[in-house]
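Single-letter residue listing:
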Amino acid sequence: MLSRRAIALTRGKAVQLRRLVHTDAASSYVEPEHIPKEDDKPFTVNLHDQSFEVFKLDPLPQQAQVTKADLKQMYSDMVTIRRLEMAADALYKAKKIRGFCHLSTGQEAVAVGIEHAITKEDQLITAYRCHGFAHMRGASVKAVIAELLGRREGIAYGKGGSMHMFRKGFYGGNGIVGAQVPVGAGIGFAMQYMDRPHVTFSLYGDGAANQGQVFEAFNMAKLWNLPVVFGCENNQYGMGTSSARSSAMTEYYQRGQYIPGIKVNGMDVIAVKQACQFAKQYAAIDKRGPLVMEFVTYRYGGHSMSDPGTTYRTREEIQRMRSTNDAIAGLKQKMLDWQIVTEDELKRMDKKARQEVDKEVAEAEKSAEPEAQTDILFEDIYVRGSEPDFLRGRIPEETHYYRK
């Protein structure tokens, strides 16, 4: 666990050492007798006092309102995403999934915490570690796996693959590092025209945080007071380099300068949900403009499936994070300690999630391959029904006629 650091005196000068948000997943607290019997009745959870850090903001509330049903669903969601990613890992190693494939094993609390804090009318865009976000935005496991396999029943009809998944309210999955951030600002601009206040989460990794277009997006969002939350998923490593080696300043939540920021323990799904609820209230409902958030998390695997992930960090470090800071294990321990579920109930939840994922993965593997014809290459260039009469190819013989 990362601990609070104090003022140190060095050679007669006072040096302010950073107070780091910790990444312990099981440090929230509530007395079991204060938890109602009803699944849908809210109760208060006391978060660890190092769950948040703020920049140009008043401290966030350290108490979160949840229900037993919320906790069970968040646990089930995280278990499902992990099982989905494990299935993708196995299919890739079996050479059934080809090309690039970036998994988010270890980072499940970020996708789940955000989704439980917003509504389907809110918008989200992210980078290439997107499978969990696609599922939380409403895509079935089958649609995600089928897309990875390049099948017609995939969420993008098998044309996008790992980095390009889209759904209503979800704009990908984007493969160009940092390029989705200004697109997210544009989506936030559109949200200003909605009848009801909606927020846009524009997510990127610590490896993309030094991109110039990220700061350009910050500037435009602040100028126009857009309801955008710029969220940095800081999983400690950008490709094969630690954040400390690649960034002169690793306090990503302070990178907005003129934009307030929040750093949150990204391994505690309750803390993530609490911080994101605050962010939506601030940016969209209160119309106070953009925020920069940093989710302190960790990826267990390499940057992609082609990266073993152990050449630039030790196996001991990975094992320590898995054994002491895991988001799923942390929430599991909380629910047991708070007597919300029993061991047997948890085993049934795990078994159900495993069976459902495995069933949908099997169905995805049996789904149809794309047809061997050129017509499908011209699909979805335009909104269906709005296509022109024809679209030119490289040569006249390749001209595609939408209306034959």
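Read on for an overview of the structure. The structure displayed is predicted, hence computed values, not measured ones. (Residues numbered from 1 in each chain as written. Predicted model: local features only at pLDDT ≥ 70, side-chain atom pairs only at ≥ 80, totals over all residues. Heavy atoms only, no water.)

For the rest of this paragraph, the subject is the state of the cysteines. The full count for this structure, using the stated rule, is zero disulfides. No disulfide involves Cys101; its sulfur sits 9.3 Å from that of Cys130, the nearest cysteine. Judged by relative accessible area, which is 1%, Cys101 ranks as buried. For Cys232, which is in no disulfide, the shortest distance to another cysteine sulfur is to Cys276 and amounts to 13 Å. (Disulfide = S-S within 2.5 Å. Buried < 20%, exposed > 50% of the residue type's maximum accessible area, 1.4 Å probe, protein only.)

What follows deals with the packing of helix H2 (residues 108-115) against helix H8 (residues 269-285). To describe two helices that pack against each other, one gives the angle between their axes and the distance between the axes. At their nearest, the axes of H2 and H8 sit 8 Å apart, and the two run at 40 degrees to each other. Here H8 runs oblique to H2, going by the angle between their axes. The way H2 lies across H8 gives a crossing that is right-handed. The residues of H8 that touch H2, namely those facing Ala109, Val110, Val112, Gly113 and Ile114, are Val269, Val272, Lys273 and Cys276. In the contact of H2 with H8, the residues fall into seven nonpolar, one polar and one charged. (Axes fitted to C-alpha atoms, helices over the stretch in contact; angles between N-to-C directions. Helix = DSSP H or I, 4+ residues; strand = E, 2+ residues; numbered from the N terminus. Parallel < 35°, antiparallel > 145°, perpendicular 65-115°, else oblique. Left-handed = near helix turned anticlockwise from the far one by under 90°. Contact = heavy atoms within 4.5 Å. Nonpolar A, V, L, I, M, F, W, Y, C, P; charged D, E, K, R; others polar.)

By the element assignment, Gln319 lies in helix H9 (residues 315-324). It is 23 Å that separates the C-alpha atoms of Gln319 and Met335, two residues lying 16 residues apart in sequence.

Moving on, we come to the packing of aromatic side chains. With the rule as written, the count across this model stands at ten aromatic pairs. With 6.4 Å between their ring centres and 80 degrees between their planes, Tyr237 and Tyr298 make a pair best called edge-to-face. Residue Tyr237 is found in strand S9 (residues 237-238), and its partner Tyr298 is found in the loop between strand S12 (291-296) and H9; the two are separated by 61 residues along the sequence. Arg313 extends its terminal NZ or CZ atom over the ring of Tyr237, reaching a point 5.4 Å from the ring centre. Its end group placed over the ring of Tyr157, Arg384 keeps NZ or CZ at 4.9 Å from the ring centre. (Phe/Tyr/Trp six-rings, centres within 6.5 Å; stacked < 30°, edge-to-face > 60°. Lys NZ or Arg CZ within 6 Å of the ring centre and 35° of its normal.)

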